[in-house]
There are 2 protein chains.
Amino acid sequence: MKKYSEMELPELHKLYEELSLEYRDYQYRALNLNMSRGKPSPEQLDLSMGMMDVLNSHADLTCEDGLDCRNYGVLDGIPEAKELLGDIMEVNPDNIIIYGNSSLNVMFDFISRSMTHGVMGSTPWCKLPKVKFLCPVPGYDRHFAITEYFGIEMINVPMLPTGPDMDMVEKLVAEDDSIKGIWCVPKYSNPTGNSYDDETVRRFARLQPAAADFRIYWDNAYTVHHLYDHHQDHLIEILAECKRAGNPDLVYKFASTSKISFPGSGIAACAASLNNLEDVRRQLKFQTIGHDKVNQLRHVRFFKDIHGVVEHMRLHADIMRPKFEAVEHIFQEELGGLDIGSWTCPNGGYFISFDSLPGCAKAIVAKAKKAGVVLTPAGATFPYGKDPEDRNIRIAPSYPSLDEIETAARLLALCVKLVSIEKLLIEAGEAVC
Amino acid sequence: MKKYSEMELPELHKLYEELSLEYRDYQYRALNLNMSRGKPSPEQLDLSMGMMDVLNSHADLTCEDGLDCRNYGVLDGIPEAKELLGDIMEVNPDNIIIYGNSSLNVMFDFISRSMTHGVMGSTPWCKLPKVKFLCPVPGYDRHFAITEYFGIEMINVPMLPTGPDMDMVEKLVAEDDSIKGIWCVPKYSNPTGNSYDDETVRRFARLQPAAADFRIYWDNAYTVHHLYDHHQDHLIEILAECKRAGNPDLVYKFASTSKISFPGSGIAACAASLNNLEDVRRQLKFQTIGHDKVNQLRHVRFFKDIHGVVEHMRLHADIMRPKFEAVEHIFQEELGGLDIGSWTCPNGGYFISFDSLPGCAKAIVAKAKKAGVVLTPAGATFPYGKDPEDRNIRIAPSYPSLDEIETAARLLALCVKLVSIEKLLIEAGEAVC
């Protein structure tokens, strides 16, 4: 394929006309596809329907330590749920608190508590003139929304193929004690799908932040969410690494079963050092009498143990993999060699990240929408919704059917071509008809 | 019976000796009973076991509006859950947000949000030099714990048989704009079991607080928790009354199914004006993607509608009523006419409130504990755990079996007698052997 940048103007004009006709055809089809959110498909949800049967009216709802899960009690989770989530999160069950249905909610609570009560005795953040967070970009919009809601200033840190730019992270946290945290999705990152390499995790564990109440918010949302049996990313376990590095309290680790069982009806957990958990429990005991233990029990009885989870995630992967591969294949076929965009080919997670030519992402998303394909709004993967280069588009292939994904990916590629030509023509001072 | 205060000293001494022997007998029995928390008994929990069957692996988990409850989405509850909770709470479903497993958690969140973001645009409370709450006493310890956790100064307001002392409430909120709220359990109140009378609710709805961000925290935890079919307390619906009074935004109303289905695995809700709910949603959308919709659906499919709930609560009442009546009967038998204590005989709820002679509650609770009966710590029903008169003891008859309740009530009455005589003897300058 010839690069667009090497085409003569008449060639570009001609191509634009042809592609415009193609685009019009898509418009006639009145598509209604959504690739905007990382939602499991109905087929994936069906995988967990057996969970509805494991507890019935004759079941004994007593957990391992003899407690009746139906009644009040147990602030931080039943033992067997701690064990299961401990195995998923690769930490000791003693380092775990089991929460309700959403890890997002837990992260919100952690920021909220830090605002009103500080971290392990530090000044409450609401009493400080300025609080800042580092935000590897592109990243997860809901993370950024939480810090924005609390008026925390966000600083972009570029995501490299190895993880966040650690030179920048190390320098910033060492210099500025108003920097209190960093949002991380370290494995199959949202949206790039990359995982942090060993060197990056080791440098995270050895950060020397100026602020004693600085914490790494390690949202390991996709820890068991592989697409392949034989190509799996490996991530160094951060709690153990922090301990080895003499920084045991540096990190909060989050996970949930939202994309393992049912989104919204799963169980979430936080893992941290015993010191951090003690600090958390000081709040938790005022906030709740306990989370949903029946649902904790339901999860354990269904999955049994980590092997059950691993097997279950293979079934998810069988549904997800063809969708990811379809997008990657179509992008390669349609866009390979044109030099108008690049995309990731992750081994797991829920997203493919696409980077267009600078200044094109918004126009591409708008054009796709006009033809019936909804994508995550351009800019959403950056704090304040502002992608300074207007390049990044998050693609979520999980929810639509394989057929729909193929259609959506072809249309998206077409929109990329059209908008890229528009850009090249405008830059050359040409009118776009 | 002769009043203890009218007995001569030798008579008191003799009685004390006899009662001490009785007490020793109890100690030999090595009892291990707990009347400290308002927990449903296992028999009550069994009533809801059918809920484990209503959803199975073949069930359609689509809710009324066509949404798949298994997936992400729906910030404020599925329509049928809003309808069910609306009927329980006697409000329009539009005025409801469905939450997770605990209304305590919701109330905590409301205070936390007010601290960091204020109320409908007001100054965040964390930026104010002083925030105060009114606390009708005796009241619910976990309410007081939340406000204490956030450093909110609590002001005691006496509970009268009609509800909080409204003269005092009206005066205080009108004078002091640092008073931002009042904790209320308006029906079958915790711990007195009294309900607010019509006059009290009408005066609440017509409060003229100096603070625009003052709210009534109306925790209607026991709204359908009657003990009798024919003696039921009636409470004026506060949302409608506030609207009538021209104060539509004055109140937040809370409820949950914790003591209807399963504590910790129920669903909670908040009802408020549309203005208030809009303010709440502005936070909620950052805090969560949505609560557990599968559990919402499970509740609706099990109870079907308000009639199902009412029938279900009759079955609860059949288990609870004999326990309440046993305590009341034994108190009457053992303590009637002695003038050393008074107690409530509620028509619903989870508690009986006992008032001893001044200065005796702590000693009574300690003495009961020594003989193996654990009660809510004396003072717990007051802010900061300090009952200024050391009189109030909260009795929770729900959890132990009827036999155990009878034993515990007799022992408690005995402890009341012993401690009362000790008090009378010490006041008379006598030594207590």
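Residues numbered from 1 in each chain as written. Chains lettered and ligands numbered in written order. Predicted model: local features only at pLDDT ≥ 70, side-chain atom pairs only at ≥ 80, totals over all residues.

Asker: I'm lost on the overall build of chain A in this one. Help?
Answerer: From N to C terminus, chain A includes 13 helices and 13 strands. Taken over the C-alpha trace, chain A has a radius of gyration of 23 Å; the compact-globule value for 433 residues is 22 Å, and the two agree within 12%. Projected onto its principal axes, the C-alpha coordinates of chain A cover approximately 75 × 55 × 35 Å. A burial count over chain A gives 54% of its 433 residues as buried. (Helix = DSSP H or I, 4+ residues; strand = E, 2+ residues; numbered from the N terminus. Rg over C-alpha atoms; globule rule 2.2 N^0.38 Å. Buried ≥ 20, exposed ≤ 12 C-beta atoms within 10 Å, placed from the backbone.)

Asker: Got a minute to help me understand the interface of chain A and chain B in this structure?
Answerer: Taken together, the contacts link 45 residues of chain A with 45 residues of chain B. Among the secondary structure elements, those contributing two or more residues to the side of chain A that touches chain B are helix 2 (42-46), helix 4 (103-117), helix 5 (141-149), helix 9 (274-287) and helix 10 (293-303) of chain A. Of all the elements, helix 4 of chain A adds the most residues to the side of chain A that touches chain B, at six residues. Counted by class, the side of chain A that touches chain B contains 21 nonpolar, 17 polar and seven charged residues. (Contact = placed C-beta atoms within 7 Å. Nonpolar A, V, L, I, M, F, W, Y, C, P; charged D, E, K, R; others polar.)

Asker: How should I be thinking about the relation of the copies chain A and chain B in this particular structure?
Answerer: Both copies of the chain are related by one operation, a rotation about an axis with a shift along it. Rotating chain A by 180 degrees and translating it 0.0 Å along the rotation axis places it on chain B, where the RMSD comes to 0.0 Å. Each copy turns onto its partner about a two-fold axis. Most of the interface of chain A is mirrored in chain B, where 100% of its interface residues again form contacts. (Least-squares fit on C-alpha atoms with pLDDT ≥ 70 in both.)

Asker: How should helix 1 (residues 9-28) of chain B be read in this particular structure?
Answerer: Each α-helix winds once per 3.6 residues, and so residues spaced three or four apart point in a common direction. All names here are of chain B. Over its 20 residues, helix 1 runs 29 Å from end to end, which matches the ideal 28 Å to within 8%, given 1.5 Å per residue. Buried within helix 1 we find L12, Y16 and Y26. Each buried residue of helix 1 sits inside an arc of 70 degrees when the element is viewed along its axis, so together they form one side. Exposed positions of helix 1 whose direction lies more than 90 degrees from the buried face are P10, K14, E17, E18, L21, R24, D25 and Y28. Considering only its buried residues, helix 1 is in contact with helix 13 (402-427). (Expected span 1.5 Å × (residues − 1). Arc of directions from axis to C-beta.)

Asker: Help me out: how do you make sense of the packing of helix 3 (residues 79-89) of chain B against helix 10 (residues 293-303) of chain B in this one?
Answerer: The packing of two helices is summarised by the inter-axis angle and the distance between the axes. Residue and element names in this part refer to chain B. Their axes nearest at 9 Å, the elements helix 3 and helix 10 cross at an angle of 60 degrees. Taken together, helix 3 and helix 10 sit at an angle that is classed as oblique. Crossing geometry of helix 3 relative to helix 10 is assigned as left-handed. The segment helix 3 lies against helix 10, with E80, A81 and L84 engaging Q296, H299, V300 and F303. (Axes fitted to C-alpha atoms, helices over the stretch in contact; angles between N-to-C directions. Parallel < 35°, antiparallel > 145°, perpendicular 65-115°, else oblique. Left-handed = near helix turned anticlockwise from the far one by under 90°.)

Asker: Explanation requested: the domain arrangement of chain A in the structure shown.
Answerer: Accessible area lost upon the coming together of the parts serves often as the stated size of an interface. Residues and elements named next belong to chain A. Domain annotation of chain A identifies domain 1 (4-44 + 310-427) and domain 2 (67-303). The distance between the C-alpha centroids of domain 1 and domain 2 comes to 30 Å. On the domain 2 side, the residues contacting the 25 residues of domain 1 number 28 residues. Counting residues per element, the ones that place at least two in the side of domain 1 that touches domain 2 are helix 11 (306-335), strand 11 (352-356) and strand 13 (392-395). It is helix 11 that contributes the most residues to the side of domain 1 that touches domain 2, seven residues altogether. Looking at the side of domain 1 that touches domain 2, its residues break down into 14 nonpolar, eight polar and three charged. (Domains from an automatic or database assignment.)

Asker: Sorry, what's going on with the sheet that holds strand 13 (residues 392-395) of chain B here?
Answerer: Pairing between the strands of a sheet is mediated by backbone hydrogen bonds and can be parallel or antiparallel. All names here are of chain B. Spatial strand order, 10-11-13: three strands in an open sheet with antiparallel pairing. With partners counted over all chains shown, the strands left at the sheet margins are strand 10 (341-343) and strand 13, one partner each. The sheet shows a mean angle of 20 degrees between the axes of neighbouring strands, direction not considered. As defined by bridge partners, strand 10 adjoins strand 11 (residues 352-356) across three bridges and the pair is classed as antiparallel. Considered in strand 11, the bridge of G341 is made with S356. (Pairing = 2+ DSSP bridges.)

Asker: Help me understand the nonpolar core in this model?
Answerer: As a rule of thumb, nonpolar side chains are buried together in soluble globular proteins. Formed by 261 residues in total, the largest nonpolar core has its most connected members in A269 and C270 of chain A together with A269 and C270 of chain B. With residues up to four places along the chain from it excluded, the contact list for C270 of chain B reads I97, Y99, V106, Y252, K253, F254 and V280 of chain B. (Core = buried A, V, L, I, M, F, W, Y, C linked by C-beta atoms within 7 Å.)

Asker: Just checking my understanding: could you explain helix 10 of chain B for this structure?
Answerer: Residue and element names in this part refer to chain B. Counting buried residues in helix 10 gives ten out of eleven residues, a clear majority hidden from the surface. Where the residues of helix 10 are buried, they touch helix 3, strand 2 (96-98) and helix 11 (306-335). After helix 10 finishes, the residue K304 shows a positive phi value of roughly 70 degrees.

Asker: Would you mind going over the environment of H329 of chain A with me for this structure?
Answerer: Residue and element names in this part refer to chain A. Residue position: H329 is located in helix 11. Taking the C-beta count within 10 Å as the criterion, H329 has 15 such neighbours and is therefore assigned partly exposed. Sequence spacing of H329 and C345 is 16 residues, and the spatial spacing of their C-alpha atoms is 9.9 Å.

Asker: For this particular structure, what's the right way to read the confidence of the model for chain A?
Answerer: Caution applies to low-pLDDT parts of the model: their predicted coordinates are not meant to be read in detail. Per-residue pLDDT for chain A averages 97, and the proportion of residues at 70 or more is 100%. Quick note on the complex model: pTM equals 0.96, ipTM equals 0.96. (pLDDT = per-residue confidence, 0-100.)

Asker: I'm lost on the sheet that holds strand 8 (residues 251-256) of chain A in this one. Help?
Answerer: Residues and elements named next belong to chain A. Reading across the sheet, the eight strands line up as 2-9-8-7-6-3-4-5 and stay open at both edges, with mixed pairing between neighbours. Lying at the two open borders of the sheet, with one neighbouring strand each, are strand 2 (96-98) and strand 5 (163-164). The pairing of strand 7 (residues 215-219) with strand 8 spans four bridges and is classified as parallel. Bridging across to strand 8, W218 finds its partner in K253.

Asker: Can you walk me through the pairing of strand 7 of chain A in this structure?
Answerer: Residues and elements named next belong to chain A. Taking burial as the measure, the five residues of strand 7 include five buried ones, the bulk of the element. Residues R215, Y217 and D219 line one face of strand 7 and the alternating positions I216 and W218 line the opposite face, and both faces are buried. Viewed along the sheet, the connection from strand 6 (residues 179-184) through helix 7 (residues 198-205) into strand 7 turns out right-handed. (Right-handed = clockwise from strand over helix to strand, strands pointing away.)

Asker: Honestly, the pairing of strand 3 (residues 132-137) of chain B in this entry has me stumped. Any pointers?
Answerer: In summary, the side chains of a regular strand alternate between the two faces of the sheet. All names here are of chain B. Counting buried positions along strand 3 yields six of six residues, so the element is predominantly enclosed. Both faces of strand 3 are covered, namely the face carrying K132, L134 and P136 and the face carrying F133, C135 and V137. Note that strand 3 and strand 4 (residues 153-160) share six bridges and pair parallel. The partner of K132 across the bridge, within strand 4, is E153. Taken together, strand 3, helix 5 (residues 141-149) and strand 4 constitute a β-α-β crossover, and its handedness is right-handed. In the sheet, strand 3 pairs with strand 6 (residues 179-184) via three bridges, with the strands oriented parallel. Bridging across to strand 6, K132 finds its partner in I179.

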